[in-house]
Amino acid sequence: MVPPRLTLVARNAHINDNTPRSDPEGASGSEIAPTISEVEAAAAGFLGSHQERREKLRVLEAMLFATSEPLDEAVLQAQLGGGEKVAELLAELQESYAGRGVNLVRVAGKWAFRTAGDLSYLLEKHASEERRLSRAALETLAIISYHQPVTRAEIEDIRGVTTSAGTLDILMEAGWVRPRGRRRAPGKPLTYGTTERFLSHFGLNSVKDLPGLADLKAAGLLDGHLPPGFAVPDPLSVAALMPDELPLEAGDEGRHDGETDDAEGDAPEEAAVDPSFDSGLLGGSEGGNPDESGE
């Protein structure tokens, strides 16, 4: 006896049923094809955009690594062209370097790679002897930093002593101070301000990052007996001339008011003086003169 032949039938199939009907499973194959193509196209577009963004990050990284001076966002944006905003790319690059041996930092409104602050001791170099600023130069630099734009007469009024021409020369030779313009006043005295090199040397983005009263007290740079009403001035970060300033005249760069040294001088022994600050260094918010014994 021959055993019966078995035939496999799909589930829910109707044998010998010629009635037209919809076939969801059969239709799904034709309908899913365009869906897969769309997903693949979207994935390809995403990968392409992601790859392009990574390439721009590499370009920024290479430019900032190779430059000897900080670069501003306009220069970086011009190199990248359109697309992503350079500020967003820099923020992403800065985050990726956080906690590493070198960090991407913003100094003087520009961007540069710098050694991580806690590792700076590894890169100290003592090939040349460091020059210490005199007490007079330190005081003058602090006054210019907090009161700029300021004239030489105003510096002397805050310090309570005459400022020698040599003091300003030292600061200008270091590239930390420059003539800004001329005051709209009799004699048109020169006004002085700090430079980008000053900000870069001290790791500041702008003069507004200078320490305030609480910071100076905590660092021991101000004594505990301050005159009533004393306050640290709010530094101005103004590149353009103020309304009371006139543009520099021809030959003003590198010059200062007064060509002769006076009684104060910059004696050699001042170089060994501890560069501590006193209450007369910054001046008061109400313009009061400091204690003239600060010298």
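Scroll up for the structure.
In what follows, the accompanying structure is described.

## Regarding the nonpolar core
Core analysis: the biggest nonpolar cluster contains 26 residues, and Ile-144, Val-177, Tyr-192 and Phe-198 have the highest contact counts within it. Counting residues per element, the ones that place at least two in this core are helix H4 (135-147), helix H5 (152-159), helix H6 (165-173), strand S5 (190-194) and helix H7 (196-201). When near neighbours in sequence (up to four residues on either side) are disregarded, Phe-198 contacts Leu-141, Ser-145, Gly-175, Trp-176, Leu-204 and Leu-210. With 14 residues, the next largest nonpolar core counts Leu-60, Val-86, Leu-89 and Trp-111 among its residues.

## Regarding H5
When H5 is considered as a whole, its buried residues turn out to be Arg-152, Ile-155, Ile-158 and Arg-159. Buried residues of H5, seen end-on, are gathered within an arc of 120 degrees and therefore sit on one face of the element. Looking at the buried side of H5, the elements it contacts are H4, strand S3 (150-151), H6 and S5. Just downstream of H5, Gly-160 is the residue with a positive phi angle, here 85 degrees.

## Details of the environment of Glu-69
Its location among the elements puts Glu-69 in the loop between helix H1 (24-66) and helix H2 (73-80). Residue classification places Glu-69 among the exposed residues on the basis of a relative accessible area of 53%. As for Glu-69 and Phe-113, which are separated by 44 residues in sequence, their C-alpha atoms are 9.7 Å apart.

## A few points about the sheet that holds S5
The strands that make up a sheet are held in pairs by hydrogen bonds between backbone atoms, and each pair lies either parallel or antiparallel. Taken in spatial order, the four strands of this open sheet run S3-S5-S4-S6, and their pairing is antiparallel. Across the chains shown, the open sheet's two edge strands, defined by having one partner strand only, are S3 and strand S6 (245-246). With two bridges joining them, S3 and S5 adopt antiparallel strand pairing. Among the inter-strand pairings, Thr-151 is bridged to a residue of S5, identified as Thr-191. Lying on the sheet, H4 is in contact with S3, strand S4 (177-183) and S5; it crosses S5 at an angle near 90 degrees.

## Points about the packing of aromatic side chains
The tally for this structure, following the rule as stated, stands at three aromatic pairs. Note on Tyr-97 and Phe-113: the rings are 4.8 Å apart at their centroids and 55 degrees apart in plane angle, and the pair reads as tilted. Of this pair, Tyr-97 sits in helix H3 (residues 86-97) while Phe-113 sits in strand S2 (residues 110-115); the two residues are 16 residues apart in sequence, bridging distant segments of the chain. For the pair Tyr-97 and Phe-113, a shared accessibility class is recorded, and that class is buried. The residue whose ring lies beneath Arg-100 is Tyr-97, and the NZ or CZ to ring-centre distance is 4.4 Å.

The rules behind the values
- Residues numbered from 1 in each chain as written.
- Predicted model: local features only at pLDDT ≥ 70, side-chain atom pairs only at ≥ 80, totals over all residues.
- Heavy atoms only, no water.
- Core = buried A, V, L, I, M, F, W, Y, C linked by side-chain atoms within 4.5 Å.
- Buried < 20%, exposed > 50% of the residue type's maximum accessible area, 1.4 Å probe, protein only.
- Helix = DSSP H or I, 4+ residues; strand = E, 2+ residues; numbered from the N terminus.
- Contact = heavy atoms within 4.5 Å.
- Arc of directions from axis to C-beta.
- Pairing = 2+ DSSP bridges.
- Axes fitted to C-alpha atoms, helices over the stretch in contact; angles between N-to-C directions.
- Phe/Tyr/Trp six-rings, centres within 6.5 Å; stacked < 30°, edge-to-face > 60°.
- Lys NZ or Arg CZ within 6 Å of the ring centre and 35° of its normal.

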